[in-house]
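Commentary on secondary and tertiary structure
Residue-level listing of the chains:
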Amino acid sequence: MNRRNFVTMGATSLCAIPLLGFRIFENNNVEKPAWLLDWIKIHDQQLPNFKSLKVTVQNHKYVGGYMDDVEIPNPHSTGAFIGKACMLMSCPESAFYQSKDVLKDVEGAAKAMLKFQHNDGTIDLLQTNFHSTPDTAFVLENIIPAYSFLKKSTAKGSENALELLKTFIKNAGEALIIGGIHTPNHRWVVSAALTKINELFPDKRYTNRIEQWLAEHIDIDPDGQYTEKSTNGYSPIVDRALIDMAKGLNKPEIYDAVRKNLMMTLYYLHPNGEIVTEASNRQDRGSIGKMTGYYYCYRYMALMDNNGEMAAACRLIEKTSTNQQLAGNLDYFLENPSLWKELPSDKLLPISYAKAFPYSGVVRIRRENWDCTLLSNNASWLTFHKGNAVLQAMRISGSFFGKAQFQSEKIEQQNDSWILTQSLEGPYYQPLDKDKISPDGDLDKMPRTMRKQSEIQKLQTTVKVKEVKNGIEVEIEMTGTDNVPVSFELIFRAGGTFSGVNKYTKKDNAYLFSGENGTYTVGNDSISFSPGKMEHKGVQLRGALPAMEAPTVYLTGFTPFKHTIKLS
């Protein structure tokens, strides 16, 4: 997902490759706090891990470059090395400060970067994109600050490496002023890169291109979310890019979108510090993630706005992230010592609310140590978290003409309940009228839409969700055609133990629930659910989505189906 983390070497090695920014250096004589020195030590420990990835064969086209974990030389791994190496060479506290050996490796890597770069200034993301403007912009998130760090280091003999990096950057700038993009976030990643190139090498063409993208307006909806709704991927990337643009272009109005997104995101927090990802339109949908990627953004905005809620979000991220993860922000903090300042006093984060985000198709209910998420246009339309015990999806389906996997186009509030609905029809088709029959009998010329319908079967599903003491109550009713088999799934995150349910031996990870009470326990956290319903054992119905690879409790029945289950 994250192009800057193209190298995969395990959590203890390169897991914290920086997501680099480009702030001009200032206040270099300010004493570094102890935690910042710890971050430098972490990067010192990580830099040698690149050694095994280096291309050392002298006649290799990309000699001096770096490979990924499947031994393919690429600009992303090489750019990551250059970014980390130059950053450490500029730190007097680093073991690699002004290192001649590291400088030699940087020069070799910079030469390789120019080999990776096409004549049009672009590079390839070898997993999927070729001659890619946006991926060139992502790589510049390492290369541009590397240039500034290396220049600041005043390392002897760095002139050639600096000239090579400058050439790469300026070549890339030529691509960014004309190249196209794929996705909404790419506009801002490209614009942020152009902003930073312009800070180093001013050129009106860079800012003209940025203005072209800005003319489309920042794609933030009234809820405060970006188009891709990618909370564990692209939303923090967009926030970082917009911050770079706001300060680099002297356009403080751009900060408004960042504020809106960061404040909205506070309502997407689970009690254990994880973030809601189920509404994403990108590959992070349904992933497990915390707020680490937002740390720089919350800290920058908390200090600028003196915002206590954003400060509290920073402190929460510090508690729920590893030092290695936080150290991934080192570049920002070295470039901008104002980030070292003490955060404002905390203001309590929202932990008790019921709040709808209609543009995102999300309803969030949280009451301190538990929370529930409702989702429209999603077959996994409900989640329930209680500490580390997680119901990651609730699903229901009927074997109704191969299309009765329930999902609702919208979520409506009626009094104290949230309502999700679906209406389906299953028709049969009559012989064609004579004037509609093709003489050659070609059915492609006689589509089914030309036929009259008959014996139309119907299935109406209504889900009502309301709060009850210490949890929620979910009432499901399916009516219309009688005797349709129904399968109702409670899909839990792996790692816990059940009570009150029976293992279904014919299917992996499957449990049948016919009793009054069941529980799922992870450590000291438990989710209780009741009561069960078991009228058949057809848990995998025709036309339903395949079972998830997760512990799943099944309830079954037939239409007319009505059942109310409580989660607490």
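Looking only at helices and strands, one finds 13 helices and 20 strands in the protein chain. In terms of principal-axis extent, the alpha carbons of the protein chain reach across some 85 × 70 × 45 Å. Counting all 568 residues of the protein chain, 56% fall into the buried class. A fraction of 69% describes how many contacts in the protein chain between residues 6 or more apart in sequence connect residues 24 or more apart. When the accessible surface of the protein chain is summed, it comes to about 24500 Å², and 47% of that surface belongs to carbon and sulfur atoms. Charge separation in the protein chain, taken as the distance between the mean sites of 64 positive and 63 negative side-chain charges, equals 1 Å.

Within the structure shown, the criterion is met by 24 salt bridges. The salt bridge partner of Lys251 is Glu211, with a shortest N-O separation of 3.2 Å. Placement of Lys251 in the loop between helix 8 (234-248) and helix 9 (255-265) and of Glu211 in helix 7 (residues 204-214) is noted, with a sequence separation of 40 residues between them. A relative accessible area of 37% means that Glu211 is categorised as partly exposed. Across the pair Asp440 and Lys445 runs a salt bridge whose closest N-O atoms are separated by 2.8 Å. Since its relative accessible area comes to 48%, Lys445 is described here as partly exposed.

Here Ser530 and Pro531 are connected by a cis peptide whose omega angle stands at -10°. Tracing the backbone through its elements, the reader meets Pro531 in the loop between strand 18 (525-530) and strand 19 (552-558). In this model, Thr559 is joined to Pro560 through a cis peptide bond whose omega is -5°. Structurally, the position occupied by Pro560 is in the loop between strand 19 and strand 20 (561-567). Even without being a glycine, His217 presents a positive backbone phi close to 75°. Checked against the element boundaries, His217 lands in the loop between helix 7 and helix 8. For His217, a relative accessible area of 61% corresponds to the exposed category. With a phi angle near 50°, Lys229 is a residue other than glycine that sits in the positive phi range. Its location among the elements puts Lys229 in the loop between helix 7 and helix 8. With a relative accessible area of 15%, Lys229 lands in the buried category.

Let's shift gears to helix 5 (residues 159-176). Over its 18 residues, helix 5 extends 26 Å from the first C-alpha to the last, a length consistent with the 26 Å expected when each residue adds 1.5 Å. Listed as buried for helix 5 are Ala161, Leu162, Leu164, Leu165, Phe168, Ile169, Ala172, Gly173, Ala175 and Leu176. Along its buried surface, helix 5 packs onto helix 2 (75-89), helix 3 (100-116), strand 1 (123-125), helix 4 (133-153), helix 6 (184-200) and helix 7.

Moving on: the pairing of strand 6 (residues 382-386). Judged by how many residues are buried, strand 6 sits mostly within the fold: 4 of 5 residues are covered. Across 5 bridges, the pairing between strand 5 (residues 370-375) and strand 6 is antiparallel. The residue of strand 6 that forms the bridge with Cys372 is Phe384. If you look at the hairpin formed by strand 5 and strand 6, you'll find 6 residues sitting between the two strands, and Asn377 has a positive phi there, around 50°. Counting the residues between successive antiparallel strands, the hairpin from strand 6 to strand 7 (residues 389-398) contains 2 residues, one of them, Gly387, with a positive phi of roughly 65°.

Cut-offs applied
- Residues numbered from 1 in each chain as written.
- Predicted model: local features only at pLDDT ≥ 70, side-chain atom pairs only at ≥ 80, totals over all residues.
- Heavy atoms only, no water.
- Helix = DSSP H or I, 4+ residues; strand = E, 2+ residues; numbered from the N terminus.
- Buried < 20%, exposed > 50% of the residue type's maximum accessible area, 1.4 Å probe, protein only.
- Contact = heavy atoms within 4.5 Å.
- Areas by Shrake-Rupley, 256 points an atom, 1.4 Å probe, with all protein chains shown as cover.
- Lys, Arg positive; Asp, Glu negative; His and termini not counted.
- Charge placed at Lys NZ, Arg CZ, Asp CG, Glu CD.
- Salt bridge = Lys/Arg side-chain N within 4 Å of Asp/Glu carboxyl O.
- Expected span 1.5 Å × (residues − 1).
- Pairing = 2+ DSSP bridges.

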